[in-house]
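Summary of the model geometry
The chain contents come next:
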Amino acid sequence: MKNSYDFEVANFVCKFNDFNLMDLFEEITLNAFYRIDKWKIKNGTFFFKDVKFIEYESDKERIYALTGRFIRNTFLKREQYHDETTGELVQDTKVLPSSPSATFVLILNNHRLIYLKETKHAPTLDMFKSTAETFLKRETKDYLLSLDQGSKKDFIQKYGLPSVRITPLTSEVRLSEFIKSYKKLETVKVTLKVRNDENDHSGFIDVLQEKSDAADSKSTNLLYENKDNGLNKEAITKQLSDLTRQGNQSIRLIGKSNTDETLKGDNENFKIIQSINGLDLKNIAQTGKKLVQRFIKLIDLGQITVPETKSEVIQKLEKHNKSLDLMDNNHDQPR
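Anyway, here's the lowdown on the structure attached to this text. Given the structure is predicted, the values throughout are model-derived calculations rather than measurements. (Residues numbered from 1 in each chain as written. Predicted model: local features only at pLDDT ≥ 70, side-chain atom pairs only at ≥ 80, totals over all residues. Heavy atoms only, no water.)

Another point: the overall build of the chain. Assigned secondary structure in the chain consists of 8 helices and 14 strands. In the chain, of all internal contacts separated by at least 6 residues, the share reaching a separation of at least 24 is 71%. Of the roughly 18100 Å² of accessible surface on the chain, 47% is carried by carbon and sulfur atoms. (Helix = DSSP H or I, 4+ residues; strand = E, 2+ residues; numbered from the N terminus. Contact = heavy atoms within 4.5 Å. Areas by Shrake-Rupley, 256 points an atom, 1.4 Å probe, with all protein chains shown as cover.)

As structure tokens, this is what we get:
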């Protein structure tokens, strides 16, 4: 086992039409992540394993989250190898099963996702997004089977099938360093996307986001452009840092490098990446809590902004936590 692992932080947006992840918490969300089936595609099979509901007491509030492992079953294939004795390139096909994995923590208070790659070739965030969306849709369809025809029609009209979007949260330091690498920054495109039930804390962007929501727009673009002289990199850095802190916006940069080549970048180039030591990956609950602890530290340092948890969300989470405590007491098994 490695001593140090890198993790990233993203915003996990799940929409049921105009409703959010926690609106169907007990009906859909929980069961979707606890599903024991697999999603099979051409290049492998994806599934969640050892998913647990955890709690962590911070100075400001009690944090609830789903944590577990995300696994990809696939095959490593070789076609040839070099024989050091004979010096020949030998045609020899071999296939080896491989199951790279990642640990995830989905914080239910604020929809933030902590994602830690455990191995080389671990499944990506995009793979996690597609799998989560697939399982949420499967669970929704299974839930519909339990309803009568009238209720089923009302449910579909009200909630529809879920959609998921994951946007990496950005690091102000990495963003600044990336922008400095431009000789001339010509174009910046900011895309405001459908968000969770949260408010941003940047006045201008909050007003723009509200206007976009009122127009039922799935996305709204804000464009900065100066191809002649280039944009003010210092001002752009400050504005983008404010705009992207909550992860509801994606940005695209285009300009010229110091060698006059076209240089492009997006959220992936300056996402938050942190290292953490002392994890026992076999203990999922403990690992999840340590990652939540580091997440809270990033909030305290001002690197991440999170919305205040709504009272109805807290009530749902506390209710579920109490039901788990009751089950544990009845079975005399500590969680």
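What follows deals with the environment of Asn-17. By the secondary structure assignment, Asn-17 is in the loop between strand 1 (4–16) and strand 2 (19–20). Asn-17 sits in the partly exposed class, given a relative accessible area of 38%. Taking the C-alpha atoms as reference points, Asn-17 and Ser-163, 146 residues apart in sequence, are found 8.4 Å from one another. There is a polar contact of 3.1 Å between the side chain of Asn-17 and the backbone oxygen of Lys-158. (Buried < 20%, exposed > 50% of the residue type's maximum accessible area, 1.4 Å probe, protein only. Polar contact = N/O pair within 3.5 Å; in protein donor to acceptor, adjacent residues only side chain to side chain.)

Take the side chain of Thr-309 next. Of note, Thr-309 is situated in the loop between helix 7 (284–300) and helix 8 (311–331). With a relative accessible area of 7%, Thr-309 lands in the buried category. Those residues in contact with Thr-309 that sit more than four places away from it in its chain are Glu-61, Asn-109 and Ile-314.

This paragraph deals with the sheet that holds strand 10 (residues 184–193). The sheet built from 4 strands is open, its strands ordered 11-10-12-13 with antiparallel pairing. The sheet terminates laterally at strand 11 (219–225) and strand 13 (262–266), the two strands that pair on one side only. For this sheet, the mean angle separating the axes of adjacent strands, direction not counted, is 15 degrees. As paired strands, strand 10 and strand 12 (residues 249–256) are joined by 8 bridges and run antiparallel to one another. Residue pairing across strands places Leu-192 opposite Gln-249, the latter belonging to strand 12. (Pairing = 2+ DSSP bridges. Axes fitted to C-alpha atoms, helices over the stretch in contact; angles between N-to-C directions.)

Axis separation between helix 2 (residues 125–145) and helix 3 (residues 149–159) bottoms out at 9 Å; the angle between their running directions is 150 degrees. In this view, helix 2 runs roughly antiparallel relative to helix 3, as classed from their interaxial angle. Of the residues in helix 3, those in contact with Thr-140, Tyr-143 and Leu-144 of helix 2 are Lys-152, Phe-155 and Ile-156. Residues of the contact of helix 2 with helix 3, tallied by class, amount to 4 nonpolar, 1 polar and 1 charged. (Parallel < 35°, antiparallel > 145°, perpendicular 65-115°, else oblique. Nonpolar A, V, L, I, M, F, W, Y, C, P; charged D, E, K, R; others polar.)

Contact geometry of helix 1 (residues 25–34) with helix 2 gives a least axis separation of 8 Å together with a crossing angle of 125 degrees. By the angle between their directions, the pair helix 1 and helix 2 is classed as oblique. Once helix 1 is placed against helix 2, the crossing between them reads as right-handed. The segment helix 1 lies against helix 2, with Glu-27, Ile-28, Thr-29, Asn-31, Ala-32 and Phe-33 engaging Phe-128, Ala-132, Phe-135, Leu-136, Glu-139, Thr-140 and Tyr-143. Looking at the contact of helix 1 with helix 2 residue by residue, the class counts come to 8 nonpolar, 3 polar and 2 charged. (Left-handed = near helix turned anticlockwise from the far one by under 90°.)

By themselves, these figures tell us nothing about what the structure is for.
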